[in-house]
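# Examining the three-dimensional arrangement
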Amino acid sequence: MGKFTFDEINSMYFDVLKEIGNIGAGNATTAIATLLNIKLNMEVPNVKLMPVQELNTAIGSEEEEIAGIYLGVQNDIEGSLMFLLKMDAAYALVNLLMGRSLDYKEPFNEMDLSAMKEIGNIIAGSYLSALSGMTGLNISPTVPYISIDMAGAILSIPAIQFGQFGDNALLIETSFGGETMLQGYFILLPELDSYDKILASLGIML
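Cut-off values and rules
- Residues numbered from 1 in each chain as written.
- Predicted model: local features only at pLDDT ≥ 70, side-chain atom pairs only at ≥ 80, totals over all residues.
- Heavy atoms only, no water.
- pLDDT = per-residue confidence, 0-100.
- Helix = DSSP H or I, 4+ residues; strand = E, 2+ residues; numbered from the N terminus.
- Patch = residues over 30% accessible without salt bridge, like charges linked within 9 Å, V, L, I, M, F, W, Y side chains within 5 Å.
- Areas by Shrake-Rupley, 256 points an atom, 1.4 Å probe, with all protein chains shown as cover.
- Salt bridge = Lys/Arg side-chain N within 4 Å of Asp/Glu carboxyl O.
- Buried < 20%, exposed > 50% of the residue type's maximum accessible area, 1.4 Å probe, protein only.
- Axes fitted to C-alpha atoms, helices over the stretch in contact; angles between N-to-C directions.
- Parallel < 35°, antiparallel > 145°, perpendicular 65-115°, else oblique.
- Contact = heavy atoms within 4.5 Å.
- Nonpolar A, V, L, I, M, F, W, Y, C, P; charged D, E, K, R; others polar.

### Let's talk about the confidence of the model for the protein chain
On average, residues of the protein chain carry a pLDDT of 77, and 80% of them reach 70 or more. At the low end of the mean pLDDT range in the protein chain sits strand β1 (residues 41-42), at 70; at the high end sits strand β6 (residues 145-150), at 88.

### Describing a nonpolar patch on the surface
Together, Ile38, Leu96 and Leu102 line one region of the surface with nonpolar side chains, adding up to about 230 Å² of accessible area. In this structure, Leu102 sits in the loop between α2 (87-98) and α3 (110-135). A relative accessible area of 52% means that Leu102 is categorised as exposed.

### A word on unusual backbone geometry
Trans peptide bonds make up most of the peptide bonds, and negative phi angles are found at most residues other than glycine. Positive phi, close to 85 degrees, is recorded for Asn75, a residue that is not glycine. On the secondary structure map, Asn75 appears in strand β3 (residues 65-75). A relative accessible area of 41% means that Asn75 is categorised as partly exposed.

### With respect to the packing of α2 against α3
The geometry of α2 relative to α3 is characterised by a closest axis approach of 10 Å and an angle of 100 degrees between their N-to-C directions. When the axis of α2 is compared with that of α3, the two are roughly perpendicular. Residue-level contacts link Ala90, Leu93, Val94, Leu97 and Met98 of α2 to Met111, Asp112, Ala115, Met116 and Ile119 of α3. A class-by-class count of the residues in the contact of α2 with α3 yields 9 nonpolar, no polar and 1 charged.

Next up, the structure:
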């Protein structure tokens with residue numbers, strides 16, 4: 001059983017998470033810009049430590065429709081991660097990838113959802129690569145799943161998982177784009193023993 005809980009988080013580990021978020025967001029922005037063949041800028045990610053019960057409204061109203069991309073994490077650490085986009089950001093990214101007008105707002109078809117999965121895969125892979133580079137651990141994502149639903153429904157999954165071992169959750173908010181900045185939200189959910197491995201690899205003992 002892991003010794004780590006979010007309630008024991010210290011400033012050093014919080015700083016490490018910020019650095020991982022910074023590197024991961026930079027890698028993701030570069031990868032997406034290359035994929036879309038456009039120039040993208042990135043703002044410094046905002047890492048939040050928040051009560052689990054507030055996760056359902058972390059990025060807006062519980063009733064607001066959002067896109068959620070869910071992947072498993074495997075190899076040296078196990079767990080899952082989610083990348084969340086508000087619908088305007090989801091449409092903007094998919095429209096850019098599909099070569100459509102940016103004001104296109106028809107419901108996503110199977111090809112659109114596949115494109116969104118690919119974007120989520122790139123972003124998640126970039127964050128996991130940053131975590132792997134800092135820890136020396138072998139970490140890779142599984143095949144992504146996507147859901148378009150109300151924020152309350154999508155965020156109930158990490159809320160339940162976090163609630164099993166602490167009162168607080170970690171949310172990384174990233175902003176990227178060109179003339180218009182788009183916001184994405186990233187939640188990493190390692191299993192308890194995996195948090196111990198991450199901390200140990202960074203020389204942080206609780």
